[in-house]
Amino acid sequence: MANTTQDLASTPTEETPFVAALAALRANRPNAAHQLLQTAVKLDPAHFQAWLLLGWTAPTPAAAQDYFKQALALQPDNPLAADGLNWATELKSKIETETPPALNAAIAEITNPPLADLEVANVSNAAVARPRSSKLQVNENLVAPFGYLVALILAEGITTLVSPVIGLGLHIVLFIALIIHASFRGRGPQQRFVLSLSLAPLIRLLSLALPLAQFPQTLWPLVVGLPLMVAVFLTARTIGLGGRKMGLTVRSLPVQLVVGLSGIGLGYVEYLILRPPPLIESLTWEQLWLPALILMVFGGFVEEVIFRGLIQRTAVESLGRFGIPYVAVLFAAWHLGYASPLELAFAFGVGLLFSLIVARTGSILGVSMAHGLINVVLFLIFPYFALIS
């Protein structure tokens, strides 16, 4: 694991009140955690993380406001503390209490783990939810994301089965809706997730709107991928996700290499399902190297940064345990264009596998390599062998 501050992996073996509080939160004991956190700030009044978690576990909105103000006094620009203070201020004026929307994100930010460690910090919001409203609040938090998922699937289906023009219009509407939705959300996990999700319809907008017919088919991923890379950079910068949090890191290199090479076998399976024609006329180095490089970078790496680096990271923060299956379904939906139920099942299985690997290892290196190799053998290697045989 890369060097980080307040990292669980580097926590001293001696159990401090703050470490004990984190353990209590993981065990869904927020009251005990709150008491331990109070001890932690008595021992160290400058302990920002303890003040922040005190706010999310406070018994009343007024107390939460005080704790978040203490946290902001230590780190005035911290988005989690600002998000917490806004939540506590709004909640104070309401009769019914609500579930803190960003406790998981706060703990994840404090311990600063990669995606592999989010399970460790995955404290259920129900642990600090108020009894009368926790179930309702969870449902409210899921309505918009799953509504967008259904709408994106319908837009993809209409694009494939009905009319690309109508599908393009629907994707434009969804893209604008996601951007507007994100602009009206306060800074926090849900805003980051909605903004990341806007990259999904953007993929289809670019592939439908750009004049791809004027380019050789081997260059299509490059033509679509270049503006996508700009969008990925701007989105990551806007929501404050650095490379490490997006999985752009080398962790467990032998595992990553094994995962990457699995793309050859997975590509062969997908070839048996789709049997596409070859994109090259001969299997020579001159014909192969540029299309293979384009497929590796823009068909593999860029898509993995979008689906597993950005969308999955923010989906796990916002949706908790639903985040990974959400991304797997979304990834499969982007294969509706092949009009093959078997291909949909294959894409869902591969998407789920890739998501679990990234969540486990904290790196998209292996899945990016595997995704790229799938494309290379699917569109370049195996179709050519089938053609000459």
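Quick caveat: nothing in here was measured; it's all calculated off a predicted structure. (Residues numbered from 1 in each chain as written. Predicted model: local features only at pLDDT ≥ 70, side-chain atom pairs only at ≥ 80, totals over all residues. Heavy atoms only, no water.)

A.B. asks: Explanation requested: the overall build of the protein in the structure shown.
C.D. replies: When helices and strands are counted, the protein shows 16 helices and 0 strands. A buried classification covers 52% of the 389 residues belonging to the protein. Of the accessible surface of the protein, which amounts to about 18000 Å², a share of 65% is contributed by carbon and sulfur atoms. (Helix = DSSP H or I, 4+ residues; strand = E, 2+ residues; numbered from the N terminus. Buried < 20%, exposed > 50% of the residue type's maximum accessible area, 1.4 Å probe, protein only. Areas by Shrake-Rupley, 256 points an atom, 1.4 Å probe, with all protein chains shown as cover.)

A.B. asks: Would you mind going over helix α12 (residues 253-274) with me for this structure?
C.D. replies: In an α-helix, one turn spans 3.6 residues, which is why side chains three or four residues apart end up on the same side. Its 22 residues give α12 an end-to-end C-alpha distance of 32 Å, which sits within 8% of 32 Å, the value for a rise of 1.5 Å per residue. At I264, α12 shows its maximal kink, close to 25 degrees. Taken residue by residue, α12 has Q256, V259, G260, G263, L266, G267, E270, Y271 and L274 as its buried positions. In this structure, the buried side of α12 is in contact with α15 (341-361) and α16 (365-388). (Expected span 1.5 Å × (residues − 1). Bend = angle between axes of the 7 residues up to and from the residue. Contact = heavy atoms within 4.5 Å.)

A.B. asks: In this structure, what is going on with the packing of helix α13 (residues 285-319) against α15? I would like to understand it.
C.D. replies: Two packed helices can be described by the angle between their axes and the distance between those axes. Taken N-terminus to C-terminus, the directions of α13 and α15 make an angle of 55 degrees; their axes are 11 Å apart at the nearest point. Relative to α15, the element α13 lies oblique. Once α13 is placed against α15, the crossing between them reads as right-handed. Judged by residue contacts, E304, R308 and Q312 of α13 engage G351, F354, S355, V358 and A359 from α15. For the contact of α13 with α15, a count of residues per class yields 3 nonpolar, 3 polar and 2 charged. (Axes fitted to C-alpha atoms, helices over the stretch in contact; angles between N-to-C directions. Parallel < 35°, antiparallel > 145°, perpendicular 65-115°, else oblique. Left-handed = near helix turned anticlockwise from the far one by under 90°. Nonpolar A, V, L, I, M, F, W, Y, C, P; charged D, E, K, R; others polar.)

A.B. asks: Sorry if this is basic, but what is going on with unusual backbone geometry here?
C.D. replies: Peptide bonds are, in most cases, trans, and in most cases residues other than glycine have a negative phi. For R275, which is not glycine, the phi dihedral falls at a positive 45 degrees. Looking at the secondary structure, you find R275 in the loop between α12 and α13. Accessibility expressed as a relative area gives 52% for R275, which makes it exposed. Here A339, not a glycine, exhibits a phi torsion of approximately 55 degrees, which is positive. Relative to the assigned elements, A339 resides in the loop between α14 (323-333) and α15.

A.B. asks: Before we go on, may I ask you to explain the side chain of S368 in this structure?
C.D. replies: One can find S368 in helix α16. Every residue in contact with S368, bar those within four places of it in the chain, is listed here: G300, F301 and E304.

A.B. asks: I tried to follow the environment of V223 on my own but got confused; where do I start?
C.D. replies: Counting through the fold element by element, V223 comes out in helix α11 (residues 220-239). By relative accessible area, V223 is classed as buried at 17%. V223 sits 16 residues away from S207 along the chain, and the two C-alpha atoms are 8.7 Å apart. Setting aside anything within four residues of it in sequence, one finds V223 in contact with L210, L212 and F215.

A.B. asks: Sorry if this is basic, but what is going on with the pattern of salt bridges here?
C.D. replies: Oppositely charged side chains can form a pair if their charged atoms are brought close together. Under the definition given, this model contains 4 salt bridges. Two residues, E156 and R204, come together in a salt bridge whose shortest N-O distance is 2.7 Å. Note that E156 is positioned in helix α7 (residues 134-161) and R204 in helix α10 (residues 199-209), a separation of 48 residues in sequence. Of the two residues, E156 and R204, both sit in the buried class. Its salt-bridge partner being R192, residue E317 comes within 3.2 Å of it at the nearest N-O pair. Residue E317 is found in helix α13, and its partner R192 is found in helix α9 (residues 189-197); the two are separated by 125 residues along the sequence. An identical accessibility class is assigned to E317 and R192; each is buried. (Salt bridge = Lys/Arg side-chain N within 4 Å of Asp/Glu carboxyl O.)

A.B. asks: Would you explain the confidence of the model for the protein in this entry?
C.D. replies: In regions of low pLDDT, the predicted coordinates are not meant to be interpreted in detail. On average, residues of the protein score 84 in pLDDT, and 83% of them are at 70 or above. Note that pLDDT drops below 50 for residues 1-13; the model gives that stretch 27 contacts with residues more than four away or on any other chain. In the model, residues 95-99 has pLDDT below 50 throughout and makes 14 contacts with residues more than four positions away in sequence or in other chains. (pLDDT = per-residue confidence, 0-100.)

A.B. asks: What is the right way to read the nonpolar core from this model?
C.D. replies: Nonpolar side chains tend to gather and get buried jointly when the protein is soluble and globular. L197, I306, F307 and L330 are the most contacted members of the largest nonpolar core, which totals 55 residues. No other element matches the 10 residues that α13 contributes to this core. The residues touching I306, leaving out its near neighbours within four places in the chain, are L199, I203, L228, V232 and I311. F18, A21, W51 and L54 belong to the second largest nonpolar core, which has 29 residues in total. (Core = buried A, V, L, I, M, F, W, Y, C linked by side-chain atoms within 4.5 Å.)

A.B. asks: Would you take a moment to explain the packing of α12 against α15 for this structure?
C.D. replies: Taken N-terminus to C-terminus, the directions of α12 and α15 make an angle of 175 degrees; their axes are 11 Å apart at the nearest point. The angle between α12 and α15 falls in the class roughly antiparallel. Between α12 and α15, the residues in contact are V255, Q256, V259, L266, V269, E270, I273 and L274 and L342, E343, F346, V350, F354, I357 and T361, respectively. For the contact of α12 with α15, the per-class residue count stands at 11 nonpolar, 2 polar and 2 charged.

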